[in-house]
Amino acid sequence: DTAFPQQTSSQQHDELTTQHITPAVEAIGVHKAFGHLHVLKGIDITVMPGTVTVILGPSGSGKSTFLRLINQLETLTGGEIRVDGEMIGFKKVEHKGQEVLQTLNDKEIAAQRSKLGMVFQRFNLFPHMTALENVMEAPVHVKHMGKSEARELAVAELQRVGLGQRLDYYPSQLSGGQQQRVAIARALAMKPEIMLFDEPTSALDPELVGEVLSVMRQLADEGMTMIVVTHEIGFAREVADQVVFMDGGVVVEHGGPEIIDHPSEPRFKDFLQHVL
Ligand code: ADP
Ligand code: MG
């Protein structure tokens with residue numbers, strides 16, 4: 001205990017306690033290339049359970065690609081991502097006395113993906129199904145839940161996003177904000193540990209943005225682990241525990257929400273001047 005004489009006991013205590021918490025998501029030196037296009041060039045991001053990370057950055061900086069990698073909609077070309085401490089996409093196996101990485105099979109990948117819920121810019125609801133049926137769909141067809149249990153669950157999730165009065169409405173009868181809230185309820189119905197949001201309000205008319213952000217804020221207050229790509233700086237400032245600014249496939253700056261008002265990197269300053 002003489003190795004770090006400069007530390008106070010409270011700093012030591014903080015380090016000791018955080019050491020025992022497994023990050024919800026940990027990206028270590030993540031690279032992604034599409035052919036010759038090198039989109040992510042060594043991304044390191046750690047997301048602790050129960051926290052909100054907001055990713056900011058100009059269009060084309062690789063934000064969606066990063067979320068899609070976490071959810072295994074794309075495959076890594078370098079580095080690794082851990083969800084709940086478990087490497088995604090691969091497992092270590094013994095081969096001739098050596099530890100080697102083996103790609104996971106579809107079932108194993110599905111099990112890892114089930115920890116994550118994702119909400120996209122476009123809601124992608126089934127147009128021929130009511131709000132209730134949209135939310136029941138995956139629990140019934142993916143989890144093989146009984147209809148009445150799934151219905152009960154779907155009602156609860158729709159109430160949670162403030163749509164308890166719209167159960168039997170079709171997407172075309174709902175506003176964009178309401179449709180996005182159905183999409184959030186649909187993701188929540190699969191009981192994810194982590195929610196990924198990719199510009200969830202970008203396709204909405206300005207007057208509908210608030211209702212979606214307020215549902216997201218409520219989820220954060222309930223302790224949901226969230227990674228949110230958004231241009232909503234106010235949301236980032238008020239709800240984020242961690243803010244990450246990406247540009248050109250790298251993390252240019254990251255820190256607490258205070259970096260929004262006190263950016264140090266010129267590229268981040270520039271970006272903020274354009275979005276604020
Ligand atoms: P952002 O979400 O920050 O706007 P993206 O992750 O969508 O950025 O895209 C980063 C870059 O990767 C862009 O140049 C985009 O054209 C490219 N890209 C994304 N997906 C693919 C793909 N499937 N094939 C080829 N290029 C892609
Ligand atoms: Mg994007």
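Quantities reported herein were computed from a predicted structural model and do not represent experimental measurements. (Residues numbered from 1 in each chain as written. Chains lettered and ligands numbered in written order. Predicted model: local features only at pLDDT ≥ 70, side-chain atom pairs only at ≥ 80, totals over all residues. Heavy atoms only, no water.)

## Some details on the side chain of Lys32
And then number 1: Of note, Lys32 is situated in strand E1 (residues 25-34).
And then number 2: Glu74 is the oppositely charged side chain nearest to the buried, salt-bridge-free Lys32, at an N-O distance of 4.2 Å.
And then number 3: A polar atom in the side chain of Lys32 sits 2.6 Å from the backbone oxygen of Thr75.
And then number 4: If we skip the residues at most four places from it in the chain, Lys32 touches Leu37, His38, Val39, Leu40, Thr65, Leu69, Glu74, Thr75 and Thr77. (Helix = DSSP H or I, 4+ residues; strand = E, 2+ residues; numbered from the N terminus. Buried < 20%, exposed > 50% of the residue type's maximum accessible area, 1.4 Å probe, protein only. Lys, Arg positive; Asp, Glu negative; His and termini not counted. Salt bridge = Lys/Arg side-chain N within 4 Å of Asp/Glu carboxyl O. Polar contact = N/O pair within 3.5 Å; in protein donor to acceptor, adjacent residues only side chain to side chain. Contact = heavy atoms within 4.5 Å.)

## Some thoughts on the packing of aromatic side chains
Given two aromatic rings, their pairing is described by the distance between the two centres and the angle made by the two planes.
And then number 1: With the rule as written, the count across this model stands at two aromatic pairs.
And then number 2: Between Phe245 and Phe268, the aromatic rings sit 4.7 Å apart at their centres with planes inclined by 20°, giving stacked as the arrangement. Taken together, the positions of Phe245 in strand E11 (residues 242-247) and Phe268 in helix H9 (residues 266-275) put the pair 23 residues apart, joining distant regions of the chain. Each member of the pair Phe245 and Phe268 is classed as buried.
And then number 3: Measuring from centroid to centroid gives 5.1 Å for Phe245 and Phe271, while their planes differ by 45°, and the two rings are tilted. Remark: Phe271 occurs in helix H9 and Phe245 occurs in strand E11; sequence separation between them is 26 residues. Phe271 carries the same exposure label as Phe245, and that label is buried.
And then number 4: Taken together, the aromatic side chains of Phe245, Phe268 and Phe271 make up a single cluster linked through ring pairs.
And then number 5: A cation over a ring is seen here: Arg166 above Tyr169, with NZ or CZ 4.9 Å from the ring centre. (Phe/Tyr/Trp six-rings, centres within 6.5 Å; stacked < 30°, edge-to-face > 60°. Lys NZ or Arg CZ within 6 Å of the ring centre and 35° of its normal.)

## Quick notes on the pattern of salt bridges
And then number 1: Under the defined criterion, the tally for this structure stands at 12 salt bridges.
And then number 2: Glu86 is paired through a salt bridge with Lys115; the nearest N and O atoms lie 4.0 Å apart. In this pair, Glu86 is assigned in strand E5 (residues 86-87) and Lys115 in the loop between helix H3 (106-113) and strand E8 (116-119), connecting sequence segments 29 residues apart.
And then number 3: Its relative accessible area of 17% is what places Lys115 among the buried residues.

## A closer look at the packing of helix H6 (residues 176-188) against helix H7 (residues 206-221)
And then number 1: It is the contact of H6 with H7, at a shortest axis distance of 8 Å, that shows an interaxial angle of 20°. The orientation of H6 relative to H7 falls into the category roughly parallel. Contacts between H6 and H7 pair Gly176, Gly177, Gln178, Gln180, Arg181, Ile184 and Leu188 from the former with Leu208, Glu211, Val212, Val215, Met216 and Leu219 from the latter.
And then number 2: In the contact of H6 with H7, the residues fall into seven nonpolar, four polar and two charged. (Axes fitted to C-alpha atoms, helices over the stretch in contact; angles between N-to-C directions. Parallel < 35°, antiparallel > 145°, perpendicular 65-115°, else oblique. Nonpolar A, V, L, I, M, F, W, Y, C, P; charged D, E, K, R; others polar.)

## What about helix H2 (residues 63-70)?
And then number 1: Along H2, six of the eight residues are buried, which leaves the element largely enclosed by surrounding structure.
And then number 2: Those residues of H2 that fall on the buried side of the exposure criterion are Lys63, Thr65, Phe66, Leu67, Leu69 and Ile70.

## A short note on the UniProt feature "domain: ABC transporter" (unreviewed entry) in the protein chain
And then number 1: Taken from the UniProt record, the annotation "domain: ABC transporter" (unreviewed entry) applies to residues 25-273.
And then number 2: Helix makes up 34% of residues 25-273 and strand 29%, with an end-to-end C-alpha separation of 30 Å. (UniProt positions renumbered as here; feature names shortened; annotations may be inferred.)

## What to know about the packing of helix H5 (residues 147-160) against H6
And then number 1: Taken N-terminus to C-terminus, the directions of H5 and H6 make an angle of 135°; their axes are 9 Å apart at the nearest point. On the basis of the axis angle, H5 is oblique to H6. Relative to H6, the crossing made by H5 is right-handed. Facing H5, whose interface residues are Glu157, Leu158 and Arg160, H6 presents Val182, Ala185 and Leu188.
And then number 2: Taken together, the residues of the contact of H5 with H6 break down into four nonpolar, no polar and two charged. (Left-handed = near helix turned anticlockwise from the far one by under 90°.)

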